Every structure is written in C-alpha cells, then in structure tokens.
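Coordinate analysis (summary)
Next come the chains, spelled out residue by residue.
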Amino acid sequence: MKLEIAVLSGDGIGPEVTEQSKKVLDAIAHKFDHTFLYKEALVGAVAIDKTGNPLPDETLDICGNSDAVLFGSIGHPKYDNDPSAKVRPEQGLLKLRKSLGLYANIRPVKAYETLLDKSPLKKEIIKGTDISIYRELTGGIYFGEKKLSKDGATASDLCEYSKHEIERIAHLAFKAAQTRRKKLTLVDKANVLESSRLWRKVVTEIGKTYTDVELDFLFVDNAAMQMILNPSQFDVILTENMFGDIISDEASVIGGSIGLLASASIGDKFALFEPIHGSYPQATGKGIANPIASILSAAMLLEHFELFDEAALIRSGVEKSLKLKISTPDINTEYENVTTSKVGDFIADYIEYPEDTNINFQNIHIGQSTII
Ligand code: IPM
Ligand code: MN
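Right, let's walk through the structure included here.

Thresholds applied
Here the residue numbers are simple positions, counted from 1 along each chain's written sequence. By the order in which they are written, chains take letters starting at A while ligands take numbers starting at 1. Given that this is a predicted model, residues contribute local features only at a pLDDT of at least 70 and side-chain atom pairs are listed and counted only at 80 or more, while totals for whole chains, interfaces and linings are drawn from all residues. The side-chain figures draw on all heavy atoms in the structure; neither hydrogens nor water molecules are used. Here a residue counts as near a molecule or strand whenever at least one of its heavy atoms sits within 4 Å of it. Polar contact criterion, stated in full: a pair of N or O atoms within 3.5 Å, where within protein one must be able to donate a hydrogen and the other to accept it, and residues adjacent in sequence count only if both atoms are side-chain atoms. Surface exposure here means Shrake-Rupley accessible area, sampled with a 1.4 Å probe, where a residue is shielded only by the protein chains that are shown. All residues other than Ala, Val, Leu, Ile, Met, Phe, Trp, Tyr, Cys, Pro, Asp, Glu, Lys and Arg, Gly among them, are scored as polar; the first ten of these are nonpolar and the last four charged. The numbering of helices and of strands both runs from the N terminus, where a helix is a DSSP run of H or I of at least 4 residues and a strand a run of E of at least 2. An expected span of 1.5 Å times one less than the residue number is assigned to each helix. In this scheme, a residue with accessible area under 20% of its type's maximum is buried, one over 50% is exposed, and one in between is partly exposed, where area comes from a 1.4 Å probe on protein chains only. All axes here are fitted lines through C-alpha atoms, helices being fitted over the stretch that makes contact, and every angle between N-to-C directions spans 0 to 180 degrees. Orientation is classified from the angle alone, with under 35 degrees giving roughly parallel, over 145 giving roughly antiparallel, 65 to 115 giving roughly perpendicular, and any other angle giving oblique. Throughout, a crossing is termed right-handed when the near helix is turned clockwise from the far one, and left-handed when it is turned anticlockwise from it by less than a right angle. Only heavy atoms matter for contacts: two residues are in contact if any of them lie within 4.5 Å across the pair. Note on ring pairs: Phe, Tyr and Trp rings are taken, using the six-membered ring of Trp, and paired if centres are within 6.5 Å. Classes follow the plane angle, with under 30 degrees stacked, over 60 edge-to-face and the rest tilted. The working definition used for a salt bridge is a side-chain nitrogen of Lys or Arg within 4 Å of a carboxyl oxygen of Asp or Glu. Nonpolar cores were defined as sets of buried Ala, Val, Leu, Ile, Met, Phe, Trp, Tyr and Cys residues, with membership established by side-chain atoms within 4.5 Å.

On to the site of ligand 1, then. As a matter of local geometry, ligand 1 sits amid I74, E90, R97, R107, R135, Y142 and D245. Here an oxygen atom of ligand 1 and a side-chain polar atom of R135 are 2.8 Å apart. Y142 has a polar side-chain atom sitting 2.5 Å from an oxygen atom of ligand 1. Isolated, ligand 1 exposes 320 Å² of accessible area, and the fraction of that covered by the protein chains is 79%. When grouped by side-chain class, the residues that make up the shell around ligand 1 number two nonpolar, no polar and five charged.

An α-helix turns once every 3.6 residues. As a result, residues three or four positions apart point the same way. The end-to-end C-alpha distance of helix α10 (residues 241–255) is 22 Å, a good match for the 21 Å that 15 residues give at a rise of 1.5 Å each. Every buried residue of α10 is accounted for by N241, F243, G244, I247, S248, E250, A251, S252, I254 and G255. Measuring from the side-chain oxygen of the N-cap residue of α10 to the backbone nitrogen of M242 gives 2.8 Å; that N-cap residue is E240. At the C-terminal side of α10, G256 shows a positive phi close to 105 degrees.

Our next topic: the packing of helix α12 (residues 308–323) against helix α13 (residues 340–352). When two helices pack together, their arrangement is given by the angle between the helix axes and the distance between those axes. Their axes nearest at 9 Å, the elements α12 and α13 cross at an angle of 125 degrees. Taken together, α12 and α13 sit at an angle that is classed as oblique. Considering the relative orientation of α12 and α13, their crossing is right-handed. On the side of α12, the interface is formed by L313, I314, S316, G317, V318, K320 and S321, while α13 contributes F346, I347, Y350 and I351. Its residues assigned to classes, the contact of α12 with α13 comprises seven nonpolar, three polar and one charged.

What follows deals with the packing of aromatic side chains. Across all of its chains, the model carries two aromatic pairs by this definition. On the numbers, 5.2 Å between centres and 85 degrees between planes, the contact of Y161 with W199 is edge-to-face. Of the two residues, Y161 is situated in the loop between β7 (155–157) and α7 (163–178) and W199 in helix α8 (residues 194–207); the sequence distance between them amounts to 38 residues. This pair shows no difference in class: Y161 is buried, exactly as W199 is. Ring centres 4.8 Å apart and planes at 10 degrees place the aromatic pair F174 and Y210 in the stacked group.

Below, the discussion takes up the packing of α7 against α8. Running from N to C, α7 and α8 point in directions that differ by 45 degrees, and their axes come no closer than 10 Å. Judged by the inter-axis angle, α7 sits oblique to α8. The handedness of the crossing between α7 and α8 comes out as right-handed. Only L198, W199, V202, V203, I206 and G207 of α8 make contact with α7, whose side of the interface consists of K163, I166, E167, I169, A170, H171 and F174. For the contact of α7 with α8, the residue count by class is nine nonpolar, two polar and two charged.

Below, the discussion takes up the pattern of salt bridges. Here the structure, examined in full by the defined rule, presents 20 salt bridges. Between K127 and E113 there is a salt bridge; the shortest N-O distance is 2.9 Å. Remark: E113 occurs in the loop between β4 (104–110) and α6 (123–126) and K127 occurs in the loop between α6 and β5 (130–136); sequence separation between them is 14 residues. What makes E113 exposed here is its relative accessible area of 53%. Among the salt bridges present, the one from E303 reaches R315, with a minimum N-O distance of 3.0 Å. Highlighted residues: E303 in helix α11 (residues 292–304) and R315 in helix α12, separated in sequence by 12 residues.

Turning to the nonpolar core, a few remarks are in order. Among the nonpolar cores identified, the biggest contains 85 residues, and F36, L238, F273, L301, L302, I314 and I347 are the most heavily contacted of them. Looking at this core, the element that brings in the most residues is α11, giving eight residues. Within the second largest apolar cluster, 16 residues are counted, among which are A6, I62, V69 and L96.

Structure representation (structure tokens):
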C-alpha cells in the first residue's frame, strides 16, 4: 500500500516522539513492502514563530491532500502564561480538527499487565481495564460562541450541540461496542445541562437500533469517580468534547503514564493520529519523552487503513519493550539511560526480527546491546 502521510510534529517533545513513529512505520514499510511518504508541515508555536499563524494555509493544504495526518504535540509555556495572547498554538489544532471534520476522537485506555505497579492506583483496581473513549471533537464548548465584555469583567463560552453532531459519533461508538464487550456508557451532565439532555435523548433513540449493546448513563462527576474506583466496569465511553478531554487525562493514570495513550481523530473524509499528551516543554530535547503514545498512534493509523497485521506487530513490539523495561523514565525506574530514541530503535528492530530467538534479549544491557 502507498500512503502519503502529513507529519505535523509541532512543539516541545512533538518532533522527537514523532521521529520514533516514522522509524517504526519505516520498519513496517520495509517488512511488508509498503510505501509511506511523509510531508512535514508546520503547526503550533513553531508555526507562529515562522509565519505568525498556528495553522498556515500551506499546512492545511498538505493535510487535505494526504491520506492521513500524524500529529505530534502542541503548546508553549509563553502562551500558557499569557491569557491575553491573541494568537495561541492550540488554535492551530482546533482549526485543523474543525477544517478536516474530525468529529470523533477515539482514545483507548489499557492497563498493561507489565505496568500494573506503575500506576499510583492499586493493582487490583486497574487490572483488566480496557476502555475505548469516544470523545466528540468538533463541537460543544470548545467551538461555541466566545464572549468577553468590553470592560473585560465578564466572559462566556457557549456549549452547543446539534442532533446531527451527536448522531454521527454515537453510531461510531455503538459499532465499536459491538466489536468489544457490548457495553456503552454515555457520560454527561443531564441533571444540569440542556445540551446533555439532548445527548441522552438522541443516544437513547439510536441505542434502540443496537439491541445487542447495553447502554447506560453516568453523570460526569460520578464518571470521574468511577474511573478511579472501578475502571474495569467500562467498555466504550461516549461523551462530549470537554468531558472527554478531562476524563481521558484522568484515565491515563490507569496505564501508568500519559506517555502511553494514543488517539485517532476520525471524520467522514480525513483522519489524524496523535498522542493525547501535550508538548511537555520541560522534557524537550532531553531524550526522556515516552514515544509509545506516538508509536501507538501510528498503529491506529495502520488499522484505519485495515493494515491489521502491521499494527499488531507494532503493538507486540510495544508490549515487548514494556516487558523488558526498554522504556523512558516515566515508567522505568530500573535502567537510567533508555532514551526516547532507543525505545524507537528497539521497536523498529523488533519489527524486523520479532522472534525472540533472533534477538538475544538476555544480553540486553542498556546502552551496550547491539540492538539498542
Ligand atoms: C487534547 C488537548 C487539546 C484539547 C488542546 C491542546 C487544545 O488537550 O487533545 O486533549 O483540549 O483538545
Ligand atoms: Mn487534553
């Protein structure tokens, strides 16, 4: 298969983690005889520095003319600490999502057996957790009308949803549940918000056509509590934009590090793949950023094009790296010098030689082995 991939590595650790995904994709291309062509484009704070615009037209054109987008991360402290900044890096990502119509953001959360003791939560609570969060991505409070009064003393953000916006992601979430444990939980705040009541009404209606899927509802405050009390109760979670943003960061604690969580943002025409973590400016250039979230986003990209064997090989490479503790310091307290790039090298090597017998795993001494 030939794929043209727009690569928007963005700010902070974005470029260094995305580099590892490309390494891994190249290994896949080599092994399975595919051609992946990358087109780099600017987004975020780096784009503002170079062009004044967090999403230059050229970047949007490149994305629109590619088969998929691989995204790094976005954000810079100089904007976070300046609430009056007129142009912000995040606007680039939001405009990109909206322009490409990426209305469904899928965030898988899994408790890896080998990392159960890395989470601050108790093992017995997180064991077996496997959740797929369907977060609506182009509506709600993120995109509703924003107002700031002339005197700067009053501000508002409108949370608006249409039936159509709810329906299209609900169908995707129900279909996903059908291929999993057949349970869908709608997370909302229907006891307070009119927009949430519309979500409940529309999702209940659609649920009648998916008779094999059990549908239940949780208020978002309760869902936030359930997520750490008993996360394995969840299968597919469907929710609006901002609730999904918040509970997916919370859910990342289950996996042991936010550096492990990948996501796919899907629309009717385009698809973008990105780690859920941010630009982690404190880590930039230090080689300590975990590339797994980006590498697993690349696996989701391959699955989107039905390259299932290829994606499965990436996933088993990731699991092998976790098992052998060839991991960055966020989840590895044993070995000191496993860098971002070494994790990428290991997984790319695994793809070439997945049989244990071909790689002498016993001889891996971090920094001394021939393969990392
Ligand atoms: C995410 C991020 C973004 C969001 C920011 C960077 C705009 O937190 O993808 O979760 O809030 O959607
Ligand atoms: Mn977020």
